[in-house]
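Analysis of the macromolecular model
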Amino acid sequence: MDQAPGSPQGPQGPQDQGSKDARSLPTCYRHPDRETGIRCTRCERPICPECMISASVGFQCPDCVRDGSGTGHAPTANQPRTLAGGTQTRDTRLLTKILIGVNVVMFLAQLRLGDRFTDRLELIGRAYVPSLGSLEGVAEGQWYRMLTSMFLHGSYIHILFNMLSLWWLGGPLEAALGRARYFALYFVSGLAGSGLTYLLAAQNQPSLGASGAIFGLFGATAVLMRRLNYDMRPIIALLVINLIFTFGWSNIAWQAHIGGLVGGVVIGYAMVHAPREKRTLIQYGTCALVLAVVVVATLVRTAQLT
């Protein structure tokens, strides 16, 4: 048999055969520069070690796992994660928009329904409320006031300032933490503010506003910026200005601001510094711990007033 010019004479050796087999291996469908002998057990596309995900039998590719192919993995198993371990979403401000919407709706209800509506939902320890004609307050078993008061406001300026702060702080935090962790931060910080207000304020002093939760976002933002080595001066300056208003103006429940700030710092630190292997346990465990402190403070104050 004739041979092409320049081709080796005689039979191929073991080394030549191995080179031919290596060149015949397919490449990963996501990484064309990587040869692999592994295929997805569902779609049979070649996958490299970085792309293979364990299934009940063999391995599957990220696309099949994401589509929910019966591997035992959730469809979100291959989704990218935020800094705090949350799931990244397309609209990183969705929850912030919802919170602003709820606050605005509640404020419109206050304007429409009048003082009786506000008197039923604002935070108060224990006092006789003339518009309701009865003794009202958290100490009377109305614990829901600690939550509902977080969505009430006393004036247009009050809600405008708080909602601008929520928009400015909430969006970046929601993107960095993920919706579930951001939700926990907002509500637990707000309840921490309500808890300290109930514990330290006069029992007949009404309190309302999202400021406790907003100050929680301030605290968490400072922790996040420190974690990312950002310039801390803008957030510190803004926080100092807010604290000056807190203690310099009358009719401001400073307890809500300080309680929310402390809660936000503690929860924010747990969110961005928790080790990866125990991240979820530490993050939500810290939220539960702060919430437990709020419950204890509430029980102590209730015992004092009753």
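In the block above lies the structure referred to throughout.
Bear in mind the structure is a predicted one, so any value in this text is a computation, not a measurement.

A tally of regular secondary structure across the protein chain gives 11 helices and 4 strands. Relative to its 306 residues, the protein chain shows a buried fraction of 43%. Sequence separation of 24 or more characterises 60% of the internal contacts of the protein chain that already satisfy a separation of 6 or more. On the protein chain, roughly 16,800 Å² of surface is accessible, and the fraction owed to carbon and sulfur atoms is 61%.

Further remarks concern the pattern of salt bridges. Taken as a whole and assessed by the stated rule, the structure comprises 6 salt bridges. Residues arginine 126 and glutamate 140 are paired through a salt bridge, measuring 2.5 Å at the closest nitrogen-oxygen approach. With arginine 126 in the loop between helix 4 (115-121) and strand 3 (127-129) and glutamate 140 in the loop between strand 4 (134-136) and helix 5 (145-148), the pair connects residues that are 14 residues apart, well separated along the chain. Under the relative-accessibility criterion, glutamate 140 is labelled partly exposed at 34%. For the salt bridge of arginine 179 with glutamate 174, the shortest nitrogen-to-oxygen distance reads 3.7 Å. Under the relative-accessibility criterion, arginine 179 is labelled partly exposed at 30%.

The subject of this paragraph is the packing of aromatic side chains. The geometry of two aromatic rings is summed up by the distance between their centres and the angle between their planes. On inspection of all chains with the given rule, the structure shows 5 aromatic pairs. Centroid distance phenylalanine 183 to phenylalanine 187: 4.5 Å. Interplanar angle 40°. Geometry classified as tilted. Of this pair, phenylalanine 183 and phenylalanine 187 both sit in helix 7 (residues 179-200), 4 residues apart, which is roughly one turn of that helix. Since its relative accessible area comes to 42%, phenylalanine 183 is described here as partly exposed. On the numbers, 5.7 Å between centres and 55° between planes, the contact of phenylalanine 215 with phenylalanine 218 is tilted. Within this pair, phenylalanine 215 and its partner phenylalanine 218 are both found in helix 8 (residues 211-227), separated by 3 residues, close to a single helical turn. Chaining the aromatic ring pairs together yields one cluster made of Phe151, Phe183, Tyr186 and Phe187.

Let us look at the packing of helix 10 (residues 254-273) against helix 11 (residues 279-305). At their nearest, the axes of helix 10 and helix 11 sit 8 Å apart, and the two run at 165° to each other. When the axis of helix 10 is compared with that of helix 11, the two are roughly antiparallel. Crossing hand, helix 10 versus helix 11: right-handed. On the side of helix 10, the interface is formed by Val266, Ile267, Ala270 and Met271, while helix 11 contributes Ile282, Gln283, Thr286, Cys287 and Val290.

What follows covers the packing of helix 7 against helix 10. The interhelical angle for the contact between helix 7 and helix 10, taken along N-to-C directions, is 145°, at an axis separation of 7 Å. As helix 7 runs across helix 10, the sense of the crossing is right-handed. Contact with helix 7, carried on its side by Arg181, Leu185, Val188, Ser189, Ala192, Gly193, Leu196, Thr197 and Leu200, involves Trp254, Gln255, Ala256, Ile258, Gly259, Gly260, Gly263, Gly264, Ile267, Gly268 and Met271 of helix 10 and no other residues of that element. In terms of residue class, the contact of helix 7 with helix 10 is made up of 10 nonpolar, 9 polar and 1 charged.

Once that is clear, we can look at helix 3 (residues 94-113). Taking 1.5 Å of rise per residue, the 20 residues of helix 3 would be expected to cover 28 Å, and the 28 Å separating its terminal C-alpha atoms lies within 8% of that figure. For helix 3, the full list of buried residues reads Leu95, Thr96, Leu99, Ile100, Asn103, Met106, Phe107, Ala109 and Gln110. Against helix 4, helix 6 (156-177) and helix 7 lie the buried residues of helix 3.

Moving on, we get to unusual backbone geometry. Backbone geometry places glutamate 44, a non-glycine residue, at a positive phi of 65°. On the secondary structure map, glutamate 44 appears in the loop between helix 1 (14-23) and strand 1 (53-54). The phi torsion at asparagine 229 lies on the positive side, around 60°, for a residue other than glycine. Looking at where asparagine 229 falls in the secondary structure, it is placed in the loop between helix 8 and helix 9 (233-248).

Once that is clear, we can look at the nonpolar core. A general feature of soluble globular proteins is that nonpolar side chains tend to end up buried together. The biggest cluster of nonpolar side chains holds 54 residues, and the ones touching the most others in it are Leu99, Leu166, Leu173, Tyr186 and Leu217. Those elements that place two or more of their residues in this core are helix 3, helix 4, helix 6, helix 7, helix 8, helix 9, helix 10 and helix 11. A total of 10 residues in this core trace back to one element, the largest contributor, which is helix 8. With near-sequence residues (within four places) excluded, tyrosine 186 lies in contact with Leu99, Asn103, Met150, Leu166, Ala210, Ala213 and Leu217.

Once that is clear, we can look at helix 9. Spanning 16 residues, helix 9 covers 22 Å between terminal C-alpha atoms, matching the ideal 22 Å at 1.5 Å per step. Close packing links the buried residues of helix 9 with helix 6, helix 8 and helix 10.

Mapped onto the secondary structure, asparagine 103 falls in helix 3. For asparagine 103, a relative accessible area of 0% translates into the label buried. Residues in contact with asparagine 103, not counting those within four places in the same chain, are Met150, Phe151, His153, Ile159, Met163, Tyr186 and Ala210.

How each quantity is defined
Residues numbered from 1 in each chain as written. Predicted model: local features only at pLDDT ≥ 70, side-chain atom pairs only at ≥ 80, totals over all residues. Heavy atoms only, no water. Helix = DSSP H or I, 4+ residues; strand = E, 2+ residues; numbered from the N terminus. Buried < 20%, exposed > 50% of the residue type's maximum accessible area, 1.4 Å probe, protein only. Contact = heavy atoms within 4.5 Å. Areas by Shrake-Rupley, 256 points an atom, 1.4 Å probe, with all protein chains shown as cover. Salt bridge = Lys/Arg side-chain N within 4 Å of Asp/Glu carboxyl O. Phe/Tyr/Trp six-rings, centres within 6.5 Å; stacked < 30°, edge-to-face > 60°. Axes fitted to C-alpha atoms, helices over the stretch in contact; angles between N-to-C directions. Parallel < 35°, antiparallel > 145°, perpendicular 65-115°, else oblique. Left-handed = near helix turned anticlockwise from the far one by under 90°. Nonpolar A, V, L, I, M, F, W, Y, C, P; charged D, E, K, R; others polar. Expected span 1.5 Å × (residues − 1). Core = buried A, V, L, I, M, F, W, Y, C linked by side-chain atoms within 4.5 Å.

As far as function goes, none of this settles anything; it's purely spatial.
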